[in-house]
Amino acid sequence: MARERQVAGGGRAVEVAPDRLEGWYARFAVRNEGVRETRFEPDAVTVTAENGVVAVATVPFGPLTTEGTVTGLAVGPLVDHALISRRIALLLVRRGGHSVGIARGGVVVQSRTDRHLVQGRSAAGGWSQQRFARRREGQARVALRSAAEDAFEVLLPQLSEVDAVVLGGDRRALESLREDRRLTPLFERAEPRILDIAEPRRTVLDDAAERAVAVEITLSGP
């Protein structure tokens, strides 16, 4: 089943596994009175239905080599591109934990996961609140330092052997890791899309490996 979420400004986005992509588009055509045209760009494939619904697929691991507009439904180039088996480095980080791994064809083949206590916010005021905040920030720094070390030890040595890097988790935590110069080559290879994930653990990493190769399609219109 495709994963679905609402997007800012209206509409919704679905994540479709590569092997389900052709069937998804076939059902899209049936639901929306057929397809008027398909437009190919290096980073997106836009399918416009006869009833005005528009489906924009973000090309993962682009660019797509096919360009131009054709009449009707013609997503073969996107499907073929998505079905290519790729070796992907995964870096998932939240303030309380992280998980890094190497996946092939959506399956994790190497990983390392660690969790750290980062306390929630305190309702207390005055000096007590300030001490709590300092302790919490200290815990967060330890957690991020551990994430940086594992990313450096597990992912960096294999960076030349992977086809892409996919990030997930808390954007502020990822931005903090980006400041570590050792990880600059990793972030330079990262896909634009950042996966929204739960607190990292091995099962979350397995799920992220599958989602990393899925095609995200944004639907808008009538």
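Scroll up to find the structure.
Cut-offs applied
- Residues numbered from 1 in each chain as written.
- Predicted model: local features only at pLDDT ≥ 70, side-chain atom pairs only at ≥ 80, totals over all residues.
- Heavy atoms only, no water.
- Helix = DSSP H or I, 4+ residues; strand = E, 2+ residues; numbered from the N terminus.
- Buried < 20%, exposed > 50% of the residue type's maximum accessible area, 1.4 Å probe, protein only.
- Contact = heavy atoms within 4.5 Å.
- Areas by Shrake-Rupley, 256 points an atom, 1.4 Å probe, with all protein chains shown as cover.
- Pairing = 2+ DSSP bridges.
- Axes fitted to C-alpha atoms, helices over the stretch in contact; angles between N-to-C directions.
- Arc of directions from axis to C-beta.
- Phe/Tyr/Trp six-rings, centres within 6.5 Å; stacked < 30°, edge-to-face > 60°.
- Core = buried A, V, L, I, M, F, W, Y, C linked by side-chain atoms within 4.5 Å.

Focus on the overall build of the chain
So, point 1. The secondary structure content of the chain amounts to six helices and twelve strands.
So, point 2. Here the chain holds 222 residues, and 45% of them are scored as buried.
So, point 3. Sequence separation of 24 or more characterises 61% of the internal contacts of the chain that already satisfy a separation of 6 or more.
So, point 4. For the chain, the accessible surface area stands at approximately 11,600 Å², while carbon and sulfur atoms represent 48% of it.

Comments concerning the sheet that holds strand S5 (residues 54-58)
So, point 1. Pairing is antiparallel in the open sheet, where seven strands are placed in the order S1-S2-S12-S5-S4-S3-S6. Strands with a single pairing partner mark the edges of an open sheet, and in this sheet they are strand S1 (3-6) and strand S6 (68-71). Between one strand axis and the next, the sheet turns by 20° as a mean value, whatever way the strands run.
So, point 2. Sheet topology places strand S3 (residues 35-41) next to strand S4 (residues 44-49); six bridges connect them, and they run antiparallel. Bridging across to S4, Glu37 finds its partner in Thr48.
So, point 3. Helix-sheet contacts for helix H1 (residues 21-31) involve strand S2 (12-16), S3, S4, S5 and strand S12 (215-220), and the interaxial angle to S12 is about 10°.

Quick look at helix H6 (residues 202-212)
So, point 1. Of all the residues in H6, the buried ones are Val204, Leu205, Ala208, Ala209, Arg211 and Ala212. One face of H6 carries all of its buried residues, which in axial projection span an arc of 165°. Exposed and facing more than 90 degrees away from the buried side of H6 are Thr203 and Glu210.

Quick notes on the environment of Val166
So, point 1. Inspection of the secondary structure puts Val166 in strand S10 (residues 164-169).
So, point 2. The buried category is assigned to Val166, whose relative accessible area is 5%.
So, point 3. On a C-alpha basis, the gap between Val166 and Ala212 in space is 6.6 Å, while along the polypeptide they are 46 residues apart.
So, point 4. Contacts of Val166, omitting those with residues within four sequence positions, involve Phe61, Ile88, Ala89, Leu90, Leu91, Glu191, Leu195 and Ala212.

A short note on the packing of aromatic side chains
So, point 1. Inspection of every chain in the model, using the stated rule, returns two aromatic pairs.
So, point 2. Centroid distance Trp24 to Phe28: 5.6 Å. Interplanar angle 15°. Geometry classified as stacked. Highlighted residues: Trp24 and Phe28, both in helix H1, separated by four residues, approximately one helical turn. Pair check on accessibility: Trp24 and Phe28 agree, each one buried.

What to know about the nonpolar core
So, point 1. In this structure, Leu21, Trp24, Tyr25, Phe28, Val45 and Ile217 are the most contacted members of the largest nonpolar core, which totals 24 residues.
So, point 2. If you list the elements that add at least two residues to this core, you get S2, H1, S3, S4, S5, helix H2 (76-83) and S12.
So, point 3. Sorting elements by how many residues they give to this core places H1 first, with five residues.
So, point 4. Aside from chain neighbours lying at most four places away, what touches Val45 is Thr38, Arg39, Phe40, Ala55, Val56, Ala57, Val59, Leu64 and Leu78.
So, point 5. If you look at the next biggest cluster of nonpolar residues, it comprises 22 residues, including Val93, Val154, Leu155 and Leu177.

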